[in-house]
Structures are given as structure tokens and as C-alpha cells.
Amino acid sequence: MKMFFLQFLQYFGFCLVFCASFRRVQKFFVQCSFYRMEASVILPILKKKLAFLSGGKDRRSGLILTIPLCLEQTSMDELSVTLDYLLSIPSEKCKARGFTVIVDGRKSQWNVVKTVVLMLQNVVPAEVSLVCVVKPDEFWDKKVTHFCFWKEKDRLGFEVILVSANKLTRYIEPCQLTEDFGGTLTYDHMDWLNKRLVFEKFTKESTSLLDELALINNGSDKGTQQEKERSIDMNFLPSVDPETVLQTGHELLSELQQRRFNGSDGGVSWSPMDDELLAQPQVMKLLDSLREQYTRYQEVCRQRSKRTQLEEIQQKVMQVVNWLEGPGSEQLRTQWGIGDSIRASQALQQKHEEIESQHSEWFAVYVELNQQIAALLNAGDEEDLVELKALQQQLSDVCYRQASQLEFRQNLLQAALEFHSVAQDLSQQLDGLLGMLCVDVAPADGASIQQTLKLLEEKLKSVDLGLQGLREKGQSLLDQISNQASWAYGKDVTIENKENVDHIQGVMEDMQLRKQRCEDMVDVRRLKMLQMVQLFKCEEDAAQAVEWLSELLDALLKTHIRLGDDAQETKVLLEKHRKFVDVAQSTYDYGRQLLQATVVLCQSLRCTSRSSGDTLPRLNRVWKQFTITSEERVHRLETAVAFHLSAEKILQECPEQPEAFNEMERFDEIEAVGKSLLDRLTVPVVYPDGYAKCFSSAFGICFCIVSFSKDCYL
């Protein structure tokens, strides 16, 4: 009993709060009853997403109204305003099918849910068919909730069910539920709100514009001509741009017809308002009315413009003609110079641009006038054709003549600027070339001299090209000056161009003289640098000759060691050695000649050769070592030949004359030669500086001598 009493007190307090809130809502609606509610007025409330039409439908094709309650306290006034706005959108046909309201209480308290459910009775009692209260996982006291809804069931006028989110599909198809309730229906509240704002703005602007255009058009159809003009003057410009309103309407209609608020990327289609809710017929009707009234308005403006243009054209044409033939022509007559430098030409160009700027203003007027005249001529009013054509011809002749003179003057100044630019570049190139020639060449190596010589040739070639370009620019400028037209219309006026011609020719002659002087200096520098290249080449080749000779000496000591196994082979080796010595002699002579050439080149260049103190002594020292080693090699080969000849003769005589072995004197002589050769093979080659080198092993000849001795004893 105590529990029941507490529940009753709780419910009674809730009713008092609800009645107070409802009175505030009623007062708010009374204040808003004088005008149609617009989304822009309650935009901050709508952004809170207190309620929304997702576009889903129940099984009776009724619209689904969703009220997502949150943890924060929901303002009943704002919720009531939101519901009132949302329920004003559907047509009466849609409202007749009823609404299914989903109250999402998963994040709210039971008292707030009860307040919202009871508020629906007063806001939309006739339209609500079913209220689905989505309960949280940790549900409220079942007895309390069941008791309260059971008690109010008859008075509410609609069915209220408590259901969890996963069982909501028993009453509504999943494709008609948003993702918050496990459905597949796509809904973007801000996107929907933005489109509503666009729709309402277009409706408001188009309605106001229709009233204004109707007033303007109707005023032009009544009264006398004077009254028409007065009416048009008073209401000539609407408050908004008709083109902008029409474009907005077409974009909105295109959005409604093509997308119909469809979900992107293959999502489920979302049409929250169908044809009635999207107001497509209303937009089409407004666009048709706007096009009709705007077409009439354009015709009214065209007639007015035609009347005023005809009066203004003649006055403006005379203003243009008088200025071009007066002050404009006088400005051109005073400008005939081309300047004597880049800065002077640029100053003249800037002055000419100022003149062109002044002419451009009048040319712009000419273009505008020409277009206006052409438009009037196309209108086909015969009474004005003759006068308009005469004005058009006069204006075109004057403007074309003046434009031709301006273009000619501009081309002349541009040619003068290019001429002076080329002349300045050429002068800088000549200065750079002269500076390079005035700096003495510091010999480092042949490669750097070659690079410097290449750079010098490139600079000279660049100067040649620059001078050729200067001549071309100068001749072109002289041709333009000689063909310079008269600044006066139809009159021959002599213009003094001698100063300009003399300046151009003087610049070209001066550059030619400077280039010739640089060429002479380049020839001298080229000869000197070629001699330096030859000097470094001779020094490098002389050093190479020393290296080659050292390699020959090394090869002589290491590889030329065989003395032959018989007399014939030894003679062949002796002959090869003589040819080897001839090669070394040629290398030595070649190095001497190169060193002599470096001495002559150094005397010509007045410099000191590095080879005179290093390469020549090295060459002589290596050659002396090679000579001594070669003589030793020749002596050994000759001794080996004598040994082999004697040994072969005795060996040939032994089988026929055994008694020859008794001639011990002859055998002792051969043995002495062999021992002498063996002793010589072990002695190193001693050079004049005390340095000694040995030939590589001569095992072959030693073996031959020992073998011969054994054969003889046997």
C-alpha cells in the first residue's frame, strides 16, 4: 500500500509539471499563430534534433515520427515547437494516414518519457496511431510503467507499447527504421535541414518576387505613355535578382526530381516527404509563374532600354569622335622618339601606356556603343536605320584609325626596347670577354687550359650571335622608322627621324668595333693557350716516356732471363734482345725530343718548365740503368752462345772419335766457360749510383752446363 501511495504522488507531481509546461507551449503557439512557422526562425531548436521525420513508413503507410531523448533534460517547449513544425510539413493526405511515433527512451528517464507521451495527446492527438517507446536494457520498474500506461490508455486516444530496440521490427519493417534502431534507412538530419532552409527561402523569395514583377508588369499595361514611364521608373528593379531566384528554384527542383533525397553509395532510398512533402508541385508552379512574369518583365525593360538608348547613343558617339580627333591625336603627334637606352625606351613605353589607357576608356565606350547600335539595327526599326548606320560608320572609322596609330607606335617602342636590350646584353658579353682576356692565364694543367680555351671560344661565339641579333633588330627598327606613317588623318606630316637613325647606326658600329678588338685579343690568347696546352702535353708525354722506359727496364730484369737450351735458341734470344733495345732507344729519344720541345715552349711563354728539374734527370738515370742492364744481358747471351757451340761440337764428335776425350785441355776450356757463365749469372747488375739489381733465376742454363759435364765424364 505504501508503494502504491508513493507511485500516486509521483504521478500527480508529473501531471502538475506537464500542465505547467503545456500552458507555456500554448502561449508560445498563440504568439506564433500570426505567421507561418519557418525553419530559419527556429533553426537553433531544429539543429538539436529533438524530433525528426526520417522518411520511414509503418505498415499502414503512415509516416514515422522519431523523438530521440537524451541524457540531458529535454525542453518540452522546444520539443513542442519542433513537433508543430514537423507536422506542418506533410499534406493533409499524409496526415490522414496517421503517424507512428518512436520515443527513444534508452538514454532518458521514465518521467521524461511519460511527459513526452502525454504531450503527444495535446499536440497531435488525431494524427498519432501508435507510440512505440523504446526501453533501455536496464528497464524501469515494470509495474509502474504498466500501471501508468494502462491507466491513461483510454484518455490518450492512441496505443502505447513498450518495446526494446531489437524487437522494434515486429511493428515496423527494418528498411523503414534508421540505423539507431538496427534498420537500414539512411537519414542525415543536417542535410534534411539544409534542404528545408533552401526550399523555404526559395518559396519566400519567389512569392515576394512574383508580387513585385506583377506590379511592374501591370503598371506598364495601364495608362498613357507618360504614366507607363513613371510606373516603370518607380518599380524598375525588383528587390531580388530574378535570375538568382530562378537558378535556385531549378537547382532545388532538380534535387527533388533526381535524388528525391536518395541515400548515396547504394544506400536505401530516403524520401521523407514523398511528392507532397518535397513540395515538388509547389516548386514547379512557382517556377512557371516566375518564368512567365520574368519574361514580361524583360520585355518591359527591353522597350524602356530601347527608348533611352537611342537618345544616349548619338550624344556618346560625338563625345568619342571629338576626343579622339582632338586631344587623342595631339598626344600621338608629340610622341616620336625611341630613346637611347633601355630605361629611356621603358619610360617612353610607360608614357605610351598612359596614352593607351586614356584611349582604352574611349574604346570601351566605342565597343559599348557599337553593340548598342547593332542591337537597335537588329530590332528592325526602319525610321532609325539610316541615322544609326551613319553614326556607326563614323565611329568605326575614327576608332580604327586611332587604334592603328596606337598599335604602330607600340610596336615601334617594343622594337626599340628589344634593340636596346640586345645591345646591353651584347655590351655585357663584350665586357665579360674583355675582363677574361685581361686576366693572365695561370697554367695549372692541360685539362684546365683546354676548359678555359673552350670557355673563351664559347664566349666569342656568343658575342658573334649577339652581334648578329643586334644587326637584325637594328635593321628591323630602321625599316619601321622609315615606314613610319603620318600621325595626322589624311595629311602628310614630316617627322624628324634622323636622330633615331643615327643613334641606331652608331650603336651597331660601336659594337662592331668592340667585337673586332676582342677578336684580336682572343687570337693572341688562343695562341698562348694552345702553346700552354702543347707544353703540358709534352711534359706529360715525357713523363710517360720515363714510365715506359722504367717498365722496359723492369721487364728486362724480370722476364728476359732465359739463355736458351742450345746455340740456335740463344741466338734467337740475342736477336730479340737487340730489337727490345731498339724499342727502348726509340722511347729514350722520344722523351729527349719532348723535353727539348718543352724548353722551347717555355722560352716562348716566358715561364719555367717543371720538366727541366725533374723529368730529364729521371730519364737519363733510367736510360743509364737500362743500358748497363742491356749490355750485361748481351754479354751473357754471347757467352751462352759460345758455350753451346763448343759443347755441341764436342758432343757431336764423341761417338765417332772416343779418343777425343783424352784431349782434356779442350774439355777444361769448355768447362771454364761454363763456370764463368754460372758465376756471372749470380752477380747482380751494379749501377753508377751504387744501386744494384739482379736478374731473375737462370736455372735453365745452370742445368744445361751441369748436364753437359756429366755426359762428358760418362
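Throughout this description, residue numbers start from 1 for each chain and increase along the sequence as written. Totals for whole chains, interfaces and linings use all residues, but because this is a predicted model, local features are given only for residues with pLDDT of at least 70 and pairs of side-chain atoms are given and counted only at 80 or more. The basis for every side-chain value is the complete set of non-hydrogen atoms in the structure, without hydrogens or water.

Across the interface, helix H15 (residues 498–558) lies against helix H16 (residues 567–605) with an axial gap of 8 Å and an inter-helix angle of 155 degrees. Taken together, the axes of H15 and H16 lie roughly antiparallel to each other. The handedness of the crossing between H15 and H16 is left-handed. Each residue is assigned to one class: nonpolar for Ala, Val, Leu, Ile, Met, Phe, Trp, Tyr, Cys and Pro, charged for Asp, Glu, Lys and Arg, and polar for all the others, Gly among them. By residue class, the composition of the contact of H15 with H16 is 21 nonpolar, seven polar and three charged. Convention adopted: a line fitted to C-alpha atoms gives each axis, helices being fitted over their contacting stretch, and angles between N-to-C directions are expressed from 0 to 180 degrees. Numbering of helices and strands runs from the N terminus; a helix is a DSSP stretch of H or I covering at least four residues, while a strand is a stretch of E covering at least two. We call two directions roughly parallel when the angle between them is under 35 degrees, roughly antiparallel when it is over 145, roughly perpendicular when it lies between 65 and 115, and oblique otherwise. Take the far helix as your reference; a near helix turned counterclockwise from it by less than a right angle gives a left-handed crossing, and one turned clockwise gives a right-handed crossing.

Between any two strands, pairing holds if DSSP finds at least two bridges. The sheet built from five strands is open, its strands ordered S1-S2-S3-S4-S5 with mixed pairing. Since the sheet does not close on itself, it has two edges, and those belong to strand S1 (52–57) and strand S5 (159–163), each with one partner. Here the average twist between neighbouring strands, direction ignored, is 25 degrees. Those strands touched by helix H5 (residues 110–123) are strand S2 (63–68), strand S3 (99–104), strand S4 (128–134) and S5, and its axis lies near 175 degrees from that of S4. Contacts are residue-level and defined by heavy atoms, with any inter-residue pair within 4.5 Å sufficient.

In this model helix H3 (residues 76–87) runs 16 Å from its N-terminal to its C-terminal C-alpha over 12 residues, within 8% of the 16 Å that 1.5 Å per residue would give. Only protein chains enter the accessibility calculation, which uses a 1.4 Å probe; a residue whose area is less than 20% of its type maximum is buried, one above 50% is exposed, and one in between is partly exposed. The buried fraction of H3 is high, at nine of 12 residues. What H3 keeps buried is the set Met 76, Leu 79, Ser 80, Val 81, Thr 82, Leu 83, Tyr 85, Leu 86 and Leu 87. One fewer than the residue count of a helix, multiplied by 1.5 Å, yields its expected span.

What follows covers the pattern of salt bridges. The term salt bridge refers to a side-chain nitrogen of Lys or Arg lying within 4 Å of a carboxyl oxygen of Asp or Glu. All chains considered together, the criterion is met by 20 salt bridges. Asp 191 serves as the salt-bridge partner of Lys 195, at 2.5 Å between the closest nitrogen and oxygen. Pair noted here: Lys 195 and Asp 191 are both in helix H7 (residues 189–220), with a separation of four residues, about one helical turn.

Let us now look at the packing of aromatic side chains. Aromatic ring pairs: the centre-centre distance and the angle between the two ring planes describe each pair. Side-chain rings of Phe, Tyr and Trp, where Trp is taken by its six-membered ring, are said to pair if the distance between their centres is within 6.5 Å; with planes under 30 degrees apart they count as stacked, over 60 as edge-to-face, and otherwise as tilted. Scanning the entire structure with this criterion turns up seven aromatic pairs. Judged by centre distance (5.5 Å) and plane angle (15 degrees), the rings of Trp 323 and Trp 362 are stacked. Taken together, the positions of Trp 323 in helix H11 (residues 280–333) and Trp 362 in helix H12 (residues 342–379) put the pair 39 residues apart, joining distant regions of the chain. Overall, the relative accessible area of 15% leaves Trp 323 in the buried class. Exposure remark for Trp 362: the relative accessible area of 22% places this residue in the partly exposed category. Seen in terms of ring centroids, Tyr 366 and Tyr 400 are 6.3 Å apart; in terms of plane orientation they differ by 70 degrees. Their pairing is edge-to-face. Of this pair, Tyr 366 sits in helix H12 while Tyr 400 sits in helix H13 (residues 382–438), and the two are 34 residues apart along the sequence. Looking at Tyr 400, the relative accessible area reads 54%, which means it is exposed.

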